[in-house]
Amino acid sequence: MKFVDEVSITVKAGDGGNGCMSFRREKFIPKGGPDGGDGGDGGSIYLEADVNLNTLVDYRYTRRFNAQRGENGRGSDCTGAKGEDMVLLVPVGTTVIDAGTQEIIGDLTEPGQRLLVAQGGFHGLGNTRFKSSVNRAPRQTSNGSMGELRDLKMELKVLADVGLLGLPNAGKSTFIRSVSAAKPKVADYPFTTMVPNLGVVDVGQLRSFVIADIPGVIAGAADGAGLGTRFLKHLSRTRLLLHLVDMAPLDGADPAEAVETIIHELGKFSPALTMRERWLVLNKCDQLLEDEQQAVLDDVVERLEWEGPVFVISASEREGTAELAKAVMNWLDERERLIEDDEEYAAEVAALDQQIEDEARAHIQALDDRRALRKQGINVDGEEDDDDDEDDEDGPEIFYVH
């Protein structure tokens, strides 16, 4: 299954049916009077969140959706049938945006949640509606109104409690395999995850959280390098970020510099996202001796002036992963308790969430605008047009665990 997290579609609600002009003409009833019926309302278009969907791939090729038109009225006071409403199923976590005004129409975050995106036209009136004491044989009718036409942009952000952050080959996919049932591809050579993976981490009885592994971020990602910021937006809805760092990289890179690279790209994408609670996780400790582990830990903490939580783990050997999962679960529980009990804290969290959402959307829109200009042959800031937006038919698969 191809993973598609952004798509543009056009929706057209059904027009209202026209009213009918008719007069009752029956034998022995010379003055039957008007009997033209009203038309039917046009069908509306709704989006509905479906927990069984994980991607917007269904809208990759079919981009236009038309709801049914209302039937015209008929004689004998017969009202036209209403057009059938159209319901389009989308994954939970889909944000719907008006492509013309960039207005957020709605956010589908709960299974079964339904959102009206195009209102059907109102029915026209038959001539029966216009009869009065001074107009016994009206010849007026009205036409049904046009159904709403909208260009929509749909963005999917995976719903996860915890997001994994780090350079390619930091061990994020191995970590999610070690703590959940998700099975993203891992190998003994450097490569990066191509699509997000979700896993459910069970911590004791009736205690669990959802963790998301997004493709690795590289230097220049905020400007479109590599996979760019295409998937960074998935971190905007997480509550906690786990920043994984390779303690013993194959290329001899500096772990502290790796952390600074990610922080820099996060700040360019969304300054508010750097304010999200973030824990430092030093991975692949099994590649070093204990004294070497401590030396790397002390060096990274000192150079970064890190004051937050730090964990040393080996995802491949599952060393320290259980303790980290329990610490995350306890932190999430405490966070929920504070939100319920402390109104000021809840307001701060909501404000930060909204700021991250706004900054992320503004950044992605700016990249989309630059990409549109490049497609028109307009050179933007002297940059080369090396961004290929088209998806391959044989794209990567996404593995989701619910």
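Quick note: structure is the one above.
Summary of the structure given here. As a convention, each chain's residues are numbered from 1 in the sequence order in which they are written. Thresholds applied to this predicted model are a pLDDT of at least 70 for local features of residues and 80 or more for the giving and counting of side-chain atom pairs; totals over whole chains, interfaces and linings are not thresholded and use all residues. Only heavy atoms go into the side-chain values, all of them from the structure, while hydrogens and water stay out.

1. Quick word on helix H3 (residues 290-304)
And then number 1: A helix here means a DSSP run of H or I that spans at least four residues, while a strand means a run of E at least two residues long, and both kinds are numbered starting from the N terminus. Given a helix with a known number of residues, its expected span is that number minus one, times 1.5 Å. Between its first and last C-alpha atoms H3 spans 21 Å; for 15 residues at 1.5 Å apiece the expected length is 21 Å, and the two agree.
And then number 2: Only protein chains enter the accessibility calculation, which uses a 1.4 Å probe. A residue is then buried if its area is under 20% of the maximum for its type, exposed if over 50%, and partly exposed in between. Restricting attention to buried positions, one finds in H3 the residues Gln293, Val296, Leu297, Val300 and Leu304. The buried residues of H3 all sit within an arc of 100 degrees when viewed along its axis, so they share a single face. Away from its buried face, by an angle of more than 90 degrees, H3 presents the exposed residues Asp291 and Glu302.
And then number 3: Whether two residues are in contact is decided by their heavy atoms: any pair within 4.5 Å suffices. At its buried positions, H3 is contacted by helix H2 (255-269), strand E13 (278-283) and strand E14 (310-312). In this description, one arc is meant: the one made by directions from the helix axis to the C-beta atoms.

2. Things to note about the side chain of Glu359
And then number 1: Checked against the element boundaries, Glu359 lands in helix H5 (residues 343-375).
And then number 2: Side chain to side chain, Glu359 and Ser270 meet in a polar contact 2.7 Å long.
And then number 3: Beyond its immediate sequence surroundings of up to four residues, Glu359 is in contact with Phe269, Ser270, Pro271 and Ala272. The definition of a polar contact used here is a pair of N or O atoms within 3.5 Å, where within protein one atom must be able to donate a hydrogen and the other to accept one, and adjacent residues in sequence count solely through side-chain atom pairs.

3. Some points on empty space enclosed by the protein
And then number 1: Buried and open spaces are told apart on a 1 Å grid over the protein atoms alone, a cavity being a set of points where a 1.4 Å probe fits but cannot get out and a pocket being an open set with protein on both sides within 12 Å along at least five of seven lines. Residues with an atom within 4 Å of a point are the lining residues. Grid points are joined across faces, edges and corners, and a volume is the space filled by probe spheres set on the points. The tally for this structure, following the rule as stated, stands at two cavities of 30 Å³ or more.
And then number 2: When its volume is computed, the second largest cavity comes out at roughly 30 Å³.
And then number 3: Lining the second largest cavity are Phe175, Val179, Val201, Phe209, Ile211, Leu242, Leu324, Ala325 and Val328.
And then number 4: Tallying contributions element by element places helix H4 (residues 321-341) first for the lining of the second largest cavity, with three residues.
And then number 5: For this classification, the nonpolar set comprises Ala, Val, Leu, Ile, Met, Phe, Trp, Tyr, Cys and Pro, the charged set comprises Asp, Glu, Lys and Arg, and every other residue, Gly included, is treated as polar. Its residues assigned to classes, the lining of the second largest cavity comprises nine nonpolar, no polar and no charged.

4. Remarks on the packing of H4 against H5
And then number 1: Here an axis means a line fitted to C-alpha atoms, over the contact stretch when the element is a helix, while the angle between two N-to-C directions is reported on a 0 to 180 degree scale. At their nearest, the axes of H4 and H5 sit 5 Å apart, and the two run at 110 degrees to each other. On the basis of the axis angle, H4 is roughly perpendicular to H5. Here the hand of the crossing between H4 and H5 comes out left-handed. Residues Arg335, Leu338, Ile339 and Asp341 of H4 touch H5, and the partners they reach there are Glu343, Tyr345, Ala346, Val349 and Asp353. An angle below 35 degrees is treated as roughly parallel, one above 145 as roughly antiparallel, one from 65 to 115 as roughly perpendicular, and anything else as oblique. It is the rotation of the near helix from the far one that decides the hand of a crossing: anticlockwise by less than a right angle makes it left-handed, clockwise makes it right-handed.

5. Let's talk about the environment of Asp41
And then number 1: Tracing the chain through its elements places Asp41 in the loop between strand E1 (6-12) and strand E2 (45-50).
And then number 2: Of the residues examined, Asp41 reaches a relative accessible area of 25% and is grouped as partly exposed.
And then number 3: When the C-alpha positions of Asp41 and Asn18 are compared, they lie 9.3 Å apart, and in sequence the two are 23 residues distant.
And then number 4: Ignoring sequence-local partners within four residues, the contact set of Asp41 consists of Gly16, Gly70, Lys82, Gly83, Gly121, Phe122 and His123.

6. Description of the packing of H2 against H3
And then number 1: At their nearest, the axes of H2 and H3 sit 9 Å apart, and the two run at 40 degrees to each other. Comparing the axis directions of H2 and H3 gives the class oblique. Here H2 runs over H3; the crossing is right-handed. Within the contact between the two elements, H2 uses Pro255, Ala256, Glu257, Val259 and Glu260 and H3 uses Val296, Val300, Arg303 and Leu304.
And then number 2: Taken together, the residues that form the contact of H2 with H3 break down as six nonpolar, no polar and three charged.

7. Brief notes about the packing of aromatic side chains
And then number 1: Stacked, tilted and edge-to-face are the three classes assigned to paired rings of Phe, Tyr and Trp, where Trp is represented by its six-membered ring and a pair needs centres within 6.5 Å; plane angles under 30 degrees give stacked, over 60 edge-to-face, the rest tilted. Taken as a whole and judged by the stated rule, the model has three aromatic pairs.
And then number 2: Measuring from ring centre to ring centre gives 5.6 Å for Tyr59 and Phe65, while their planes differ by 70 degrees; the resulting arrangement is edge-to-face. Residue Tyr59 shares its accessibility class with Phe65, and that shared class is buried.
And then number 3: Among the aromatic side chains, those forming a connected cluster through ring pairs are Trp279, Phe311 and Trp331.

Everything listed here is a matter of coordinates, which is why it stays silent on function.
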